[in-house]
Amino acid sequence: MRPMNYLLWLILLLSITILGCEDSTSNESGPIPSFTPTDSTYKELKQFINILVKNAPSNSNGSSSSKPLLVKISGKLYGKNIWYKLSHLATALRNIEIYSSLDLSGTIGINRMVETRFSIYLVNIILPQEVSSIDNRAFSWCQGLKQITIPDSVRFIGDVAFESCKNLQSITIPNSVDYIGYAAFFKCINLEKITLSNQITSIGAYTFAACHKLSNVTIPNKVKTIDEAAFAECRSMTKITIP
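Residues numbered from 1 in each chain as written. Predicted model: local features only at pLDDT ≥ 70, side-chain atom pairs only at ≥ 80, totals over all residues. Heavy atoms only, no water.

Chemist: I'd like to hear about the sheet that holds strand E9 (residues 179-180), residue by residue, with values.
Modeler: Taking strand neighbours across the sheet as the criterion, the four strands line up as E3-E5-E7-E9 in an open arrangement whose pairing is parallel. Two strands close off the open sheet at either side, each with one partner strand: strand E3 (112-113) and E9. As paired strands, strand E7 (residues 156-157) and E9 are joined by two bridges and run parallel to one another. Bridging from a neighbouring strand, Phe156 pairs with Tyr179 of E9. (Pairing = 2+ DSSP bridges. Helix = DSSP H or I, 4+ residues; strand = E, 2+ residues; numbered from the N terminus.)

Chemist: Describe in detail the side chain of Thr207, supporting the description with residues and values.
Modeler: Among the structural elements, Thr207 can be located in the loop between strand E11 (202-203) and strand E12 (216-218). Assessed through its relative accessible area of 1%, Thr207 is described here as buried. Within the structure, Thr207 has its side chain in polar contact with the backbone oxygen of Gly204 (distance 2.6 Å). Discounting chain neighbours no more than four positions away, the residues touching Thr207 are Ile180, Gly181, Ala183, Ala184, Phe185, Phe186 and Ala230. (Buried < 20%, exposed > 50% of the residue type's maximum accessible area, 1.4 Å probe, protein only. Polar contact = N/O pair within 3.5 Å; in protein donor to acceptor, adjacent residues only side chain to side chain. Contact = heavy atoms within 4.5 Å.)

Chemist: Account for the packing of aromatic side chains, naming residues and giving values.
Modeler: This model, assessed by the stated rule, comprises seven aromatic pairs. With a centroid separation of 5.5 Å and 10° between ring planes, the pair formed by Phe139 and Phe162 is classed as stacked. With Phe139 in the loop between strand E5 (133-134) and strand E6 (147-149) and Phe162 in the loop between E7 and strand E8 (170-172), this residue pair connects regions lying 23 residues apart in the sequence. Phe162 gets classed as buried once you look at its relative accessible area, which sits at 0%. Taking 5.2 Å as the distance between ring centres and 10° as the angle between the ring planes, the aromatic pair formed by Phe156 and Tyr179 counts as stacked. Of this pair, Phe156 sits in strand E7 while Tyr179 sits in strand E9, and the two are 23 residues apart along the sequence. (Phe/Tyr/Trp six-rings, centres within 6.5 Å; stacked < 30°, edge-to-face > 60°.)

Chemist: Before we move on, could you go through the pattern of salt bridges and cite the residues and values that matter?
Modeler: On inspection of all chains with the given rule, the structure shows four salt bridges. Across the pair Arg112 and Asp135 runs a salt bridge whose closest N-O atoms are separated by 2.3 Å. Taken together, the residues span a long stretch of sequence, with Arg112 in strand E3 and Asp135 in the loop between E5 and E6 at a distance of 23 residues. Residue Arg112 is classed as partly exposed on the basis of its relative accessible area, which comes to 37%. Exposure remark for Asp135: the relative accessible area of 12% places this residue in the buried category. Among the ionic pairs, Arg137 bridges to Glu163, the shortest N-O distance being 3.5 Å. One end of the pair, Arg137, is in the loop between E5 and E6; the other, Glu163, is in the loop between E7 and E8, and 26 residues separate them in sequence. (Salt bridge = Lys/Arg side-chain N within 4 Å of Asp/Glu carboxyl O.)

Chemist: Before we move on, can you summarise helix H3 (residues 82-93) with the specific residues and values?
Modeler: Taking 1.5 Å of rise per residue, 12 residues should cover 16 Å, and H3 covers 17 Å from first to last C-alpha, within 8% of that figure. Taken across its 12 residues, H3 has nine buried, putting it largely inside the fold. Residues of H3 that are buried include every one of Ile82, Lys85, Leu86, Ser87, His88, Leu89, Ala90, Ala92 and Leu93, and no others. (Expected span 1.5 Å × (residues − 1).)

Chemist: Tell me about the side chain of Ser133, residues and numbers included.
Modeler: By the element assignment, Ser133 lies in strand E5. Classification of Ser133 as buried rests on a relative accessible area of 10%. A polar atom in the side chain of Ser133 sits 2.4 Å from the side chain of Asp135. The residues contacting Ser133, other than those within four sequence positions of it, are Asn111, Arg112, Met113 and Phe156.

Chemist: Lay out the sheet that holds strand E4 (residues 124-126) in plain terms, naming residues and giving numbers.
Modeler: Taken in spatial order, the four strands of this open sheet run E1-E2-E4-E6, and their pairing is parallel. Lying at the two open borders of the sheet, with one neighbouring strand each, are strand E1 (70-76) and E6. Ignoring strand direction, the axes of neighbouring strands in this sheet form an average angle of 10°. Summarising the sheet, E1 and strand E2 (residues 101-108) pair through six bridges and their orientation is parallel. In the strand pairing of E2, Lys72 is matched with Asp103. (Axes fitted to C-alpha atoms, helices over the stretch in contact; angles between N-to-C directions.)

Chemist: Account for the pairing of E2, with residues named and values stated.
Modeler: The pairing of E2 with E4 spans three bridges and is classified as parallel. Across the sheet, residue Leu102 finds its bridge partner in E4, namely Ile125.

This is the structure we're talking about:
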């Protein structure tokens, strides 16, 4: 990027950041601020995060605001392949406590979610419409995660994809999904509600094991097998409907 273009980009980004922060403090009931860099290289993402942290909303006592902060990434993420694209983003955000929501719906070129160790501070994530696969361990140990929006483009959820997402409370698996892997939701101890895709034909071993708060599950009509310990240690389970 040429120096002049970079300077213009930086000024524009800084303006957007400050505007978003002012909105969040002056209007408590208003929308969560969003920040949108485009065609992001790793260097630009780091610069973007530095500006975001510097201009983060503050409470009257000077401490960081507890109000949820949305980071919205759009355009093409830089990288040789999907893993590099997402690892650049995850690394840039990993230790940032002030953001809790990540909107990737406007990104281009992310057709799989792979294991990249997103931040433990991440509470909510909206996936791109291009995503067809949530791979093995994609969100395992995202212990802050409470909500995830899975688009109806997703067909595959891999092994231990959401293992130990201890704050995940509910999830809707769209009807596009026809496969859920081994122990996909193992030890999601606060998961209370799950809506299953009507296209799945089996529920694998340990898929919902140790989901301590799960109390009611309806098995879709196409399911022919429920494997070993699929619902083991579901201590609150009071009703399961099997076709």
